Amino acid sequence: ALAGGSADGVVVATGRHGARGAAIALLRDLVGRGVPAVVLLDRSPDPAIPAIRVDVEGGAYAATRHLIGLGHRRIGHLALDRPGPIEEDESSQGDRYRGYRRALGEVGVEPDPAWLVRGADTLAGGASMVAELLARPGRPPSAILVYNDLTAIGALHGLRAAGLAVP
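The structure displayed is predicted, hence computed values, not measured ones. (Residues numbered from 1 in each chain as written. Predicted model: local features only at pLDDT ≥ 70, side-chain atom pairs only at ≥ 80, totals over all residues. Heavy atoms only, no water.)

Even after reading the chapter, I still don't get the sheet that holds strand β1 (residues 10-13), so can you show me in this structure?
Whenever strands of a sheet pair, they do so through backbone hydrogen bonds, lying parallel or antiparallel. What the 3 strands build is an open sheet, ordered β1-β2-β3; its pairing is parallel. Two strands close off the open sheet at either side, each with one partner strand: β1 and β3 (51-52). Strand direction decides the pairing type here: β1 and strand β2 (residues 37-40), joined by 4 bridges, are parallel. When the sheet's bridge partners are listed, V12 is paired in β2 with V39. (Pairing = 2+ DSSP bridges. Helix = DSSP H or I, 4+ residues; strand = E, 2+ residues; numbered from the N terminus.)

Looking at this structure, I do not really get the packing of helix α5 (residues 123-135) against helix α6 (residues 149-161). What am I missing?
In the contact formed by α5 and α6, the axes pass within 6 Å of each other and the chain directions differ by 50°. One finds that α5 runs oblique with respect to α6. The two elements α5 and α6 meet at a crossing, and its hand is right-handed. Contacts between α5 and α6 involve L123, G126, A127, M129, V130 and L134 on the former and, on the latter, L150, T151, I153, G154, A155, G158 and L159. (Axes fitted to C-alpha atoms, helices over the stretch in contact; angles between N-to-C directions. Parallel < 35°, antiparallel > 145°, perpendicular 65-115°, else oblique. Left-handed = near helix turned anticlockwise from the far one by under 90°. Contact = heavy atoms within 4.5 Å.)

I'm lost on the layout of surface pockets in this one. Help?
A water-sized probe, rolled over the atoms, reveals where empty space remains. As a volume, the largest pocket reaches approximately 570 Å³. Taken together, 22 residues make up the lining of the largest pocket; nearest its centre are A143, I144, L156, L159 and V166. Mapped by element, the contributors of at least two residues to the lining of the largest pocket are α5, β6 (143-146) and α6. Per element, the largest residue contribution to the lining of the largest pocket is 5 residues, and it comes from α6. (1 Å grid on protein atoms, 1.4 Å probe; cavity = no way out; pocket = protein on both sides within 12 Å on 5 of 7 lines; lining within 4 Å. Points joined across faces, edges and corners; volume = space filled by probe spheres on them.)

Please clarify how helix α2 (residues 21-32) should be interpreted in this entry.
Along an α-helix, residues three or four apart share an orientation, since each turn contains 3.6 residues. With 12 residues, α2 ought to run about 16 Å at 1.5 Å a step, and its terminal C-alpha atoms sit 16 Å apart, in line with that. Among all positions in α2, only I24, L27 and L30 are buried. All buried residues of α2 project into a common sector of 120° when viewed along the axis, lining one side. Of the exposed residues in α2, the ones pointing more than 90 degrees away from its buried face are G21, A22, L26 and G32. (Expected span 1.5 Å × (residues − 1). Buried < 20%, exposed > 50% of the residue type's maximum accessible area, 1.4 Å probe, protein only. Arc of directions from axis to C-beta.)

Given below as structure tokens:
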């Protein structure tokens, strides 16, 4: 329908189009036919398609620095369960983790691998990740950086279920 002229342009607003090869092929085809397109919230899949992104790494850095400023040094991170090392993830997921690590590194804190829990970005996933984080050996983190709002709400439910109060 878009190629037939029913729209003057296309705005793709998702942080997950990079994993959808067929959608990317269609988007490239539209651009090749002269339909203007822009990608929001993700990297561009093609140099011919402009992208507008949020500075996710900078946001995670600022949030972690805020927690550090409140006196926290053991800061956990709840992230999406994706294949491969999070440090190498080229999505906003990896950007967020790099901002978190950079902020901790500036104050001489090497994040404990036990502070990173990966799971589903759902209410249940957030609660489950908190339960896993609290069950790990050693002192639990005193603060948590969470991947997104939905997961954070689930994490709050999980913290409440564990008898922990969150300011």
